[in-house]
Amino acid sequence: MDRDWFRHGTIYQIYPQSFCDDNGDGFGDIAGIIKKQDYLASLGIDAVWISPMYDSPYRDNGYDVRDYYALDSRFGTMEEFERMIEGFHKRGIKVIMDMVINHSSNECEWFKKAAASKDSPEHDMYIWRKGKDGLPPTNWEAIFSGSAWTYVPECDEWYLGTFSPYQPDFNWENENVRKTLFEMTEFWLKKGVDGFRMDAINFISKNTQFPDGPSDGAGLAPIRPFVQNGPKAHEWLGEFKKQVLDKYGAMTVGEADGTSAAQAIEYSKEMDMIFSFDHVALDNGENFTFNASADYIPKLKTVLAEWQTKLYKKAWNALFWENHDQPRIVTRLGDSHALREASAKALAVALFFLQGTPFIFQGQELGNVNTVFTRDEVRDIQGKNNFRLYVDTGIISEEKMLEYINYKSRDTVRAPMQWTDGENSGFGGTPWIKTNGRKDINVREQESREGSVLNFYRKLIAIRKNNGVIENGTFKLYNAEHESVFEYTRTLNGKTIYVICNISKHTVEYTPSVAIGGGNVLIRNYENSDFVSTHTLQPFEAIALTL
Ligand code: GLC
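The sections below set out a description of the structure shown in this document. Note that the structure is a prediction, hence the values are computed from the model and not measured.

## What about the overall build of the protein chain?
Looking only at helices and strands, one finds 17 helices and 22 strands in the protein chain. A globule of 547 residues ought to have a C-alpha radius of gyration of about 24 Å, and the protein chain, at 23 Å, matches this closely. Expressed as lengths along the three principal axes of its C-alpha atoms, the size of the protein chain is roughly 75 × 50 × 50 Å. Residue burial in the protein chain is summarised as follows: out of 547 residues, 61% are buried.

## Thoughts on the site of the ligand
Close to the ligand lie 13 residues; Asp60, Asp199, Glu255, His324 and Asp325 are nearest. A distance of 2.5 Å separates an oxygen atom of the ligand from a polar atom in the side chain of aspartate 60. At 2.8 Å, a side-chain N or O of aspartate 199 approaches an oxygen atom of the ligand. Burial of the ligand by the surrounding chains reaches 96%, relative to a free accessible area of 300 Å². Tallied by class, residues from the shell around the ligand come to 3 nonpolar, 3 polar and 7 charged.

## Some words on the sheet that holds strand 12 (residues 251–255)
Picture the strands of a sheet paired through backbone hydrogen bonds; they go either parallel or antiparallel. Spatially, the 8 strands line up as an open sheet ordered 13-12-10-5-2-1-15-14, and their pairing is parallel. Edge strands, defined here as strands with exactly one partner in the open sheet, are strand 13 (273–275) and strand 14 (318–319). Relative to strand 12, strand 10 (residues 195–198) runs parallel, the two sharing 4 bridges. Bridged to phenylalanine 196 within strand 12 is threonine 252.

## Focus on the pairing of strand 17 (residues 485–492)
Counting buried positions over the 8 residues of strand 17 gives 6, a clear majority of the element. Where strand 16 (residues 474–478) meets strand 17, 5 bridges bridge the pair, whose relative direction is antiparallel. What sits directly across from phenylalanine 475, in strand 17, is arginine 490. Hairpin connection from strand 16 to strand 17: 6 residues lie between these consecutive antiparallel strands, with asparagine 479 at a positive phi of about 55°. The pairing of strand 17 with strand 18 (residues 495–502) spans 8 bridges and is antiparallel. Bridge pairing links threonine 489 to tyrosine 498 in strand 18.

## Let's talk about the sheet that holds strand 9 (residues 157–160)
Spatially, 3 strands are ordered 6-9-8 in an open sheet, and the strand pairing comes out antiparallel. Lying at the two open borders of the sheet, with one neighbouring strand each, are strand 6 (128–129) and strand 8 (149–152).

## As for unusual backbone geometry
Glycine aside, negative phi is the norm for most residues, and most peptide bonds take the trans geometry. Unusually for a residue other than glycine, asparagine 424 sits at a positive phi of about 50°. With a phi angle near 45°, asparagine 493 is a residue other than glycine that sits in the positive phi range. Note on placement: asparagine 493 falls in the loop between strand 17 and strand 18.

Rules behind the numbers
Residues numbered from 1 in each chain as written. Predicted model: local features only at pLDDT ≥ 70, side-chain atom pairs only at ≥ 80, totals over all residues. Heavy atoms only, no water. Helix = DSSP H or I, 4+ residues; strand = E, 2+ residues; numbered from the N terminus. Rg over C-alpha atoms; globule rule 2.2 N^0.38 Å. Buried < 20%, exposed > 50% of the residue type's maximum accessible area, 1.4 Å probe, protein only. Near = heavy atom within 4 Å. Polar contact = N/O pair within 3.5 Å; in protein donor to acceptor, adjacent residues only side chain to side chain. Areas by Shrake-Rupley, 256 points an atom, 1.4 Å probe, with all protein chains shown as cover. Nonpolar A, V, L, I, M, F, W, Y, C, P; charged D, E, K, R; others polar. Pairing = 2+ DSSP bridges.

Here is the structure:
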């Protein structure tokens, strides 16, 4: 078996409730995924990562698991799940399952027993502390707002929910918890799953001194410093690798927000790669606002270059612009209208020639844009909380908050996949979340057009296969301070790939930093490009050459 398949492969993320709804209940399902397997194979991808399909009360869209051994019945049956895996494998596509083991749902049987009595065997599966004079044990603020602690009168104790009260954290310090969770993951590996995307995995080890943090005006302190990248994370993930992953040759990509490149190298001992968020956090402002500053592109280039060079030969990058928590890259950095396709392609080029494994989020291959919401249409726990916290308290106007929500909230990408320009975008029944509304962006139209974003992604995916320079070449960034041009080379054994992308709406005169005359075009997004001779980049022009 090629254990390194992901180094020359591309992974496609399916957000199952919004992918394809076969039975017409408005919620995507396994039968829908099966229907689209030929489409997925036609992209040339090597694996799919499927967001959680476990039984869940859906407080956080499935990232709150009620039963780790069961599927949410809206997705379908275990038999269909197995048939889906078989269908992917038949097409040479691996299946990466989302694994949410930092926390469960508060409706999980284990937690219900744990909370029913201090003396239950399950109690110590979660993190409990005594309060301080009727107040929570610490002033930590949950990621989705409010105190991270919830009081349970039956136990006269508080439990920790790093994300929300609906997502109590497992007590990984307890050896039985690790054993129970590892055993559960094997259940899925035995079904033929090829690996895991490990949700919030750098949160498993906490600061067990439980100190207070420096509090803000509301008396709460950001929780991250106390619960991220804790002292035992590597020890426990090492156990997981040895006891489970290695037995199956399973691939892992860990979600590790707030992790430095140096820490990523440490995690690479236990996981194949991690998702870091430095490059998509550059526009984060206070109180959930955003701030796309003038030097956004230079900062972005610097971050990407740092990860490219620091991880070289030491760890492996997970490359992405979008996922179910991040907005559409075309809305963020490109153009949603006349230059939509050019910008979608340019941003794809910018990412695809870097070292690492590219991840595509469903619809990204169409150059899709954010869905626009009103307050009532917002579905996500984080989005809803923001209105309560900042709008209802008068800190931010509703209008401003909507601007933020529509720029970068998690709902913006969760609308149904756009298969056609027909009813519900060809997704199925009336969807659980608003449809995107951009009828001009859909699979059917792009299939039939040679120059579409979809066909451009197919070319990029194909180029990455068996290309030693992309897989292993060194990386060099040029002109880091240029406000819109992203120019880099990848080199291996005397062969060089030259990449240049104009991430702006403007025509830019730009003298290449290396001699490119005589280079062969690998891919470009303007057929009439004459950059090589005129040094003029059209708006959102991108080109990759072999030198
Ligand atoms: C990860 C998921 C996100 C979820 C959170 C809590 O960040 O990607 O969707 O809300 O973990 O599980």
